[in-house]
Amino acid sequence: MVMVKGPGLYSEIGKKARDLLYRDYQGDHKFTLTTYTLNGVAITSSGTNKGGLLFADINTQLKNNNITTDVKVDTNSKVYVTTTVDEPAPGVKAIFSFITPDQNSGKVELQYLHEYAGISTSLGLTAKPIVNFSGVAGNNQAAFGTDISFDTATGNFTKCNAGVSFTTSDLITSLTLNDKGETLTASYFHTVGPLTNTAVGAELTHSFSSNENSLTIGTQHALDPSTAVKARVNNFGKVSALIQHQWRPKSLVTISGEVDTRAIEKSAKIGLAVALKP
């Protein structure tokens, strides 16, 4: 899809800060291998060791013109199928997905990106489906949006969120109201050094029901073109850090660790992720 300069979709509000603070941190051991067949089919095998239990899946991706089909099979014998059609009309993306043997998992989604709007709507393929709608209005500097879900079986709104985002050349701030008005989240992302991909970010969440606050602060920095480090700390005393090295294009090794400073007698959590691509 040709990218349109605009507000994007609702899921992109606060995404830069979330990626800085949470993306690539790994508490388990994960190995991913991607290979390609002669006719261009991508096959990705992954295995994750969580607490001594092994979880694995195989994902096959087939591209044909503007149609992409992903088929994933996991260790529970569930099959996940997602078909994406790029640009059936200008600015439109259509996504159809289902899980077998779950007969109620079918869903169709339409996304539309415009210079001043981003819209996504999905419908469950059941007799009484859950309908989701998210819309964002604005431009690539300021945007306001909402994200709601309605359960036609119960007649209730299962999700009702709203958010606003402001973007400059080096700063992104956002404010979202989630959980039907129960949770307020403010996030901040600031690019300090573009040449070294150095940035700082923070996320503050307040729960109105429990009157509790959660604050996470983090930073990232590229040591060289193939090595990056990240670190974060939250108000619960948990400190995390990672180092990620790309020894060849798209092939990454990530080592991360977490220490609970309020329970220093506990051993640190160490995670390892290896992703290999030809």
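Residues numbered from 1 in each chain as written. Predicted model: local features only at pLDDT ≥ 70, side-chain atom pairs only at ≥ 80, totals over all residues. Heavy atoms only, no water.

## Quick notes on the side chain of threonine 198
Now for step 1: Locating threonine 198 in the fold gives a position in strand 14 (residues 198–207).
Now for step 2: When its relative accessible area of 16% is taken as the criterion, threonine 198 is described as buried.
Now for step 3: Apart from the residues within four sequence positions on either side, threonine 198 is in contact with His190, Thr191, Val192, Gly193, Gln220 and His221. (Helix = DSSP H or I, 4+ residues; strand = E, 2+ residues; numbered from the N terminus. Buried < 20%, exposed > 50% of the residue type's maximum accessible area, 1.4 Å probe, protein only. Contact = heavy atoms within 4.5 Å.)

## Focus: the layout of surface pockets
Now for step 1: When its volume is computed, the largest pocket comes out at roughly 990 Å³.
Now for step 2: Lining the largest pocket are 45 residues, and of these Glu12, Lys15, Lys16, Asp19 and Ile172 lie nearest its centre.
Now for step 3: Here the lining of the largest pocket takes five residues from helix 1 (residues 15–22), the largest share from any one element.
Now for step 4: Each residue belonging to the lining of the largest pocket can be placed in one class, and the counts come to 17 nonpolar, 19 polar and nine charged.
Now for step 5: Taken as a whole, the second largest pocket spans an internal volume of roughly 330 Å³.
Now for step 6: Of all the elements in the fold, those that place two or more residues in the lining of the second largest pocket are strand 7 (107–114), strand 8 (117–124), strand 9 (130–138), strand 12 (171–178) and strand 13 (183–193). (1 Å grid on protein atoms, 1.4 Å probe; cavity = no way out; pocket = protein on both sides within 12 Å on 5 of 7 lines; lining within 4 Å. Points joined across faces, edges and corners; volume = space filled by probe spheres on them. Nonpolar A, V, L, I, M, F, W, Y, C, P; charged D, E, K, R; others polar.)

## Re the pairing of strand 2 (residues 42–50)
Now for step 1: Here strand 1 (residues 29–36) runs beside strand 2; their pairing, made up of eight bridges, is antiparallel. Across the sheet, the residue bridging to leucine 33 is serine 45, located in strand 2.
Now for step 2: Linking two consecutive strands that pair antiparallel, namely strand 1 and strand 2, is a turn of five residues; a positive phi of about 90° is found at glycine 40 within it.
Now for step 3: Note: strand 2 against strand 3 (residues 53–64), nine bridges, orientation antiparallel. Residue pairing across strands places glycine 47 opposite alanine 56, the latter belonging to strand 3. (Pairing = 2+ DSSP bridges.)

## Remarks on the nonpolar core
Now for step 1: Ala17, Leu20, Leu21, Phe189 and Ala199 together form the largest nonpolar core, which totals five residues.
Now for step 2: Among the elements that line this core, the one with the most residues is helix 1, at three residues.
Now for step 3: Those residues within four positions of alanine 17 in sequence are excluded, and the remaining contacts are Ser187, Tyr188, Phe189 and Ala202. (Core = buried A, V, L, I, M, F, W, Y, C linked by side-chain atoms within 4.5 Å.)

## Overview of the side chain of glutamate 109
Now for step 1: Counting through the fold element by element, glutamate 109 comes out in strand 7.
Now for step 2: For the buried glutamate 109, no salt bridge exists, and the shortest N-O distance to an oppositely charged side chain is 4.8 Å, to lysine 107. (Lys, Arg positive; Asp, Glu negative; His and termini not counted. Salt bridge = Lys/Arg side-chain N within 4 Å of Asp/Glu carboxyl O.)

## Here's the deal with the pattern of salt bridges
Now for step 1: If you walk through the whole model with that rule in mind, you get three salt bridges.
Now for step 2: Across the salt bridge formed by lysine 159 and aspartate 147, the nearest N and O atoms sit 3.2 Å from each other. In this pair, lysine 159 is assigned in strand 11 (residues 156–167) and aspartate 147 in strand 10 (residues 142–151), connecting sequence segments 12 residues apart.
Now for step 3: With a relative accessible area of 29%, lysine 159 lands in the partly exposed category.
Now for step 4: Taking the relative accessible area as the measure of exposure, aspartate 147 reaches 10% and is therefore buried.
Now for step 5: The salt bridge involving glutamate 258 is made with arginine 232; its shortest N-O contact spans 3.8 Å. Of the two residues, glutamate 258 is situated in strand 18 (residues 251–260) and arginine 232 in strand 16 (residues 227–234); the sequence distance between them amounts to 26 residues. Grouping residues by exposure puts glutamate 258 and arginine 232 together as buried.

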